[in-house]
Amino acid sequence: MEKAVIKFHHCDKDIYCFFVPENCPECGESLSCRRFEEAPVSIPSPFAGGQRAKCSFLVKPTTGEFLREYDGRSDLHVGITNTKGVVYNYNETGICRDELGWDQSVSVPLVQPDMYSLINQWDCYLEQFSSAEMWHSQRYNETEHNCYTYALTFINCVLATQGKSSLSKTEFTEKFVLPRTKRASRYITLYQEISENYFYIVDGSQKEGDDTSYV
């Protein structure tokens, strides 16, 4: 279970933790009489599960979870969710329709909430696309015809139905995926530091009111 990361400010330091202690871990002073600007705030997690990230592109480690086992070098796996949160993904066994196993994923929303016509057709598009022969298990190739190929090809098919230009792998990755995975990477580092040392302490935020300066 992912723990909530909390941040509070004291003695000119930003202190990150899973719980607020009675005394400041930096100076030892009691925290019972904090000023308003020193009140703890919760740091939003960059991860979402399939059930909460519908009509989205998801990224997760091929094995394990981001916050426990991921070291920044392990392989990643991607998929597309339908309107019910089922994750369609492609691997050496062919198309998988996962209802579990994607609880800790980086999510890239693909549909705006007001795009009712597309949302109504989404599940049909995804099921028909996934039934194509090109996604049979024997066609799978780890480098040339893989999970990313599947997801991006589907995204470009949807864009075509909307009369929009297709995206290259580089364009989609740099514009939509990297900003979210970079934030997730910083959060993972922060989370692992707290897990090992109970607290992560840095100099105070440069910007006033910046509640998520580290992430």
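Residue indices begin from 1 for each chain and proceed along its sequence in written order. Residues qualify for local features only when their pLDDT is at least 70, as the model is predicted, and side-chain atom pairs are given and counted only at 80 or more; totals for whole chains, interfaces and linings, by contrast, use all residues. Values reported for side chains reflect all heavy atoms of the structure, with hydrogen atoms and water molecules removed beforehand.

A.B. asks: Please clarify how the pairing of strand β1 (residues 5-10) should be interpreted in this entry.
C.D. replies: A regular strand carries its side chains on alternate faces of the sheet. Most of β1 is tucked away: five of the six residues are buried. Pairs of strands are assigned from DSSP output, requiring at least two bridges between the strands. Put simply, DSSP H or I for four residues or longer makes a helix, DSSP E for two residues or longer makes a strand, and each gets a number counted from the N terminus. Here three bridges tie β1 to strand β3 (residues 41-43), and the two strands are oriented antiparallel to one another. Residue Val-5 lies in a different strand from β3, and its bridge partner there is Ile-43. Direction of pairing for β1 relative to strand β2 (residues 13-17): antiparallel, over a ladder of five bridges. Paired with His-9 across the two strands is Asp-14, which belongs to β2. Type-normalised accessible area, obtained with a 1.4 Å probe on protein chains alone, sets the label of each residue: buried when under 20%, exposed when over 50%, and partly exposed for intermediate values.

A.B. asks: Help me out: how do you make sense of the packing of aromatic side chains in this one?
C.D. replies: What counts as a ring pair is set by centres within 6.5 Å for rings of Phe, Tyr and Trp (its six-membered ring), and what kind of pair is set by the plane angle: stacked under 30 degrees, edge-to-face over 60, tilted for all other angles. A full pass over the atoms with the stated rule returns 17 aromatic pairs. With 5.2 Å between their ring centres and 80 degrees between their planes, Phe-66 and Tyr-70 make a pair best called edge-to-face. One aromatic cluster in this structure is built from Tyr-90, Trp-122, Phe-129, Trp-135, Tyr-140, Tyr-150 and Phe-154. As a reminder, the over-ring test applies to NZ of lysine and CZ of arginine, requiring each to be within 6 Å of the ring centre and within 35 degrees of the ring normal. The ring of Trp-102 is capped by Lys-60, whose NZ or CZ atom sits 5.0 Å from the centre of that ring. A cation over a ring is seen here: Lys-169 above Tyr-148, with NZ or CZ 5.0 Å from the ring centre.

A.B. asks: Looking at this structure, how should I read the layout of surface pockets?
C.D. replies: The definitions used throughout rest on a 1 Å grid laid over the protein atoms alone, on which a cavity is an enclosed set of points accommodating a 1.4 Å probe that cannot get out and a pocket is an open set flanked by protein within 12 Å on both sides along at least five of seven lines; lining residues are those having an atom within 4 Å of a point. Grid points are joined across faces, edges and corners, and a volume is the space filled by probe spheres set on the points. Of the pockets and cavities examined, the largest pocket occupies roughly 550 Å³. Surrounding the largest pocket, 20 residues form its lining, Thr-62, Asp-75, Leu-76, His-77 and Cys-147 being those nearest its centre. Of the residues forming the lining of the largest pocket, the biggest block, five residues, is contributed by helix α3 (residues 169-197). Class assignment for the residues of the lining of the largest pocket results in nine nonpolar, six polar and five charged. By the convention adopted, Pro, Cys, Tyr, Trp, Phe, Met, Ile, Leu, Val and Ala count as nonpolar, Lys, Arg, Asp and Glu as charged, and the other residues, Gly among them, as polar.

A.B. asks: Just checking my understanding: could you explain helix α1 (residues 116-130) for this structure?
C.D. replies: Because the α-helix completes a turn every 3.6 residues, residues three or four places apart line up on one side. Expected span, for any helix, means 1.5 Å times one less than how many residues it has. Spanning 15 residues, α1 covers 22 Å between terminal C-alpha atoms, matching the ideal 21 Å at 1.5 Å per step. Regarding α1, the residues found buried are Leu-118, Trp-122, Asp-123, Leu-126, Phe-129 and Ser-130. We call two residues contacting when some pair of their heavy atoms lies within 4.5 Å. Buried residues along α1 sit against β6 (76-81), β7 (87-91), β8 (94-98) and α2 (147-161).

A.B. asks: Would you mind showing me how to read the side chain of His-145 here?
C.D. replies: Considering the arrangement of structural elements, one finds His-145 in the loop between α1 and α2. Its relative accessible area of 13% is what places His-145 among the buried residues. A 3.5 Å cut-off defines polar contacts: any pair of N or O atoms within that distance qualifies, except that in protein one atom must be a possible hydrogen donor and the other a possible acceptor, and neighbouring residues in sequence count only when both atoms are side-chain atoms. Of note is the side chain of His-145, whose polar atom sits 2.7 Å from the backbone oxygen of Met-134. Those residues in contact with His-145 that sit more than four places away from it in its chain are Tyr-90, Met-134, Trp-135, Arg-139 and Tyr-140.

A.B. asks: What's the story with α2 in this structure? I'm lost.
C.D. replies: Between the first and last C-alpha of α2 there are 22 Å, a value that for 15 residues agrees with the 21 Å anticipated at 1.5 Å per step. Listed in full, the buried residues belonging to α2 are Cys-147, Tyr-148, Tyr-150, Ala-151, Leu-152, Phe-154, Ile-155, Asn-156, Val-158 and Leu-159. Along its buried surface, α2 packs onto β5 (56-61), β6, β7, β8, α1 and α3. Two to three positions downstream of the cap, the backbone nitrogen of Tyr-148 sits 3.1 Å from a side-chain oxygen, assigning the N-cap of α2 to Asn-146. Just downstream of α2 lies Gly-163, where phi reads positive at about 70 degrees.

A.B. asks: How should I be thinking about the nonpolar core in this particular structure?
C.D. replies: Nonpolar side chains tend to gather and get buried jointly when the protein is soluble and globular. Here the nonpolar core consists of buried residues drawn from Ala, Val, Leu, Ile, Met, Phe, Trp, Tyr and Cys, with membership extended through side-chain atoms lying within 4.5 Å. Counting residues in each nonpolar core, the largest one holds 42 residues, and the members touching the most others are Val-5, Phe-47, Phe-57, Ile-80, Trp-122 and Tyr-150. Looking at which element gives the most residues to this core, the answer is α2, with nine residues. With residues near it in sequence (within four places) discarded, Tyr-150 still touches Tyr-88, Asn-89, Tyr-90, Ile-95, Leu-126, Phe-129, Ser-130 and Trp-135. Of all hydrophobic cores here, the second largest spans six residues; its members include Ile-15, Cys-17, Cys-24 and Leu-31.

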